[in-house]
Amino acid sequence: MTRKPLSQGDEDGFCGLYSIINALTLLFPSRMDEERRSDVFKVIAKACKGKWPGIIWNGTNVSDIRSMLGAARKYLADSFSWEQPFAHKPFHDFEDFERELKWRLEGDDAFAIVGISKPWKHWTCAHRLTMHEMIMTDSCHVKQIKLAKCGLTGDGTGYEFDYHQTFTLMKVAKVCLP
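This text gives an overview of the structure that appears in the document. In this text the structure is predicted, and so the values were computed from the model without any measurement.

## Concerning the pairing of strand S4 (residues 133-137)
Judged from the four bridges that link them, strand S3 (residues 122-129) and S4 form a sheet pairing that is antiparallel. Bridge pairing links Arg 128 to Ile 135 in S4. The hairpin turn running from S3 into S4, its antiparallel successor, is three residues long. Linking S4 back to strand S5 (residues 144-146) in an antiparallel pair, the connection comprises six residues.

## A look at the packing of aromatic side chains
Tallying each qualifying case throughout the model produces 14 aromatic pairs. Both rings, one in Phe 14 and one in Phe 41, keep their centres 6.5 Å apart while their planes meet at 85 degrees; by these two values the pair is edge-to-face. Taken as a pair, Phe 14 in the segment before helix H1 (15-27) and Phe 41 in helix H2 (residues 34-46) lie far apart in primary sequence, 27 residues in all. Judged by its relative accessible area of 23%, Phe 41 is partly exposed. Relative to Trp 52, the ring of Phe 14 lies with its centre 5.9 Å away and its plane at 50 degrees, an arrangement referred to as tilted.

## Some remarks on the pattern of salt bridges
Inspection of the entire model under this criterion finds nine salt bridges. A salt bridge links Arg 104 to Glu 83, with the shortest nitrogen-to-oxygen separation between them at 2.9 Å. Of this pair, Arg 104 sits in helix H5 (residues 94-104) while Glu 83 sits in strand S1 (residues 80-83), placing them 21 residues apart in sequence. For Arg 104, a relative accessible area of 19% gives the class buried. Here Glu 100 ties to Lys 89 by a salt bridge, and the two come within 3.7 Å at their closest N and O atoms. In this pair, Glu 100 is assigned in helix H5 and Lys 89 in the loop between S1 and H5, connecting sequence segments eleven residues apart.

Calculation notes
Residues numbered from 1 in each chain as written. Predicted model: local features only at pLDDT ≥ 70, side-chain atom pairs only at ≥ 80, totals over all residues. Heavy atoms only, no water. Pairing = 2+ DSSP bridges. Helix = DSSP H or I, 4+ residues; strand = E, 2+ residues; numbered from the N terminus. Phe/Tyr/Trp six-rings, centres within 6.5 Å; stacked < 30°, edge-to-face > 60°. Buried < 20%, exposed > 50% of the residue type's maximum accessible area, 1.4 Å probe, protein only. Salt bridge = Lys/Arg side-chain N within 4 Å of Asp/Glu carboxyl O.

Structure below.
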């Protein structure tokens, strides 16, 4: 009998770590080679050292993502900034969240880590919103989600997003003074 091989997420909760690595790889494609990705992975994993080994099966939460982003920013010499723009902003429907996230992701210098609460608890890296889809770089099998199937936590849709668990990452422009 042939069994399906395990994938990331089947037995571990590393999606938060992978979502950060994926966002940074998109943000800095020429700097994030295999060795640098491995180094950053170690740095951000150590940022949650007090939660090991439980983080393996329990995954990460908002506080962990903040700690890991802070560690990555320090390690990468403050070459990016991050924020949690919707932590205290209420959205009444998914379309408002979608519109707000879409303008934050315009261009090639910004990406988002978003928390999905249904059909499973998961962190992913969103890098585009088209008219009909959210395009992601994900550690699991999902690469795009039809927006028509999306809603906010509790909406009863196929994919539910907890907008409070959204982080945006942006390149920091280097200013050269004369």
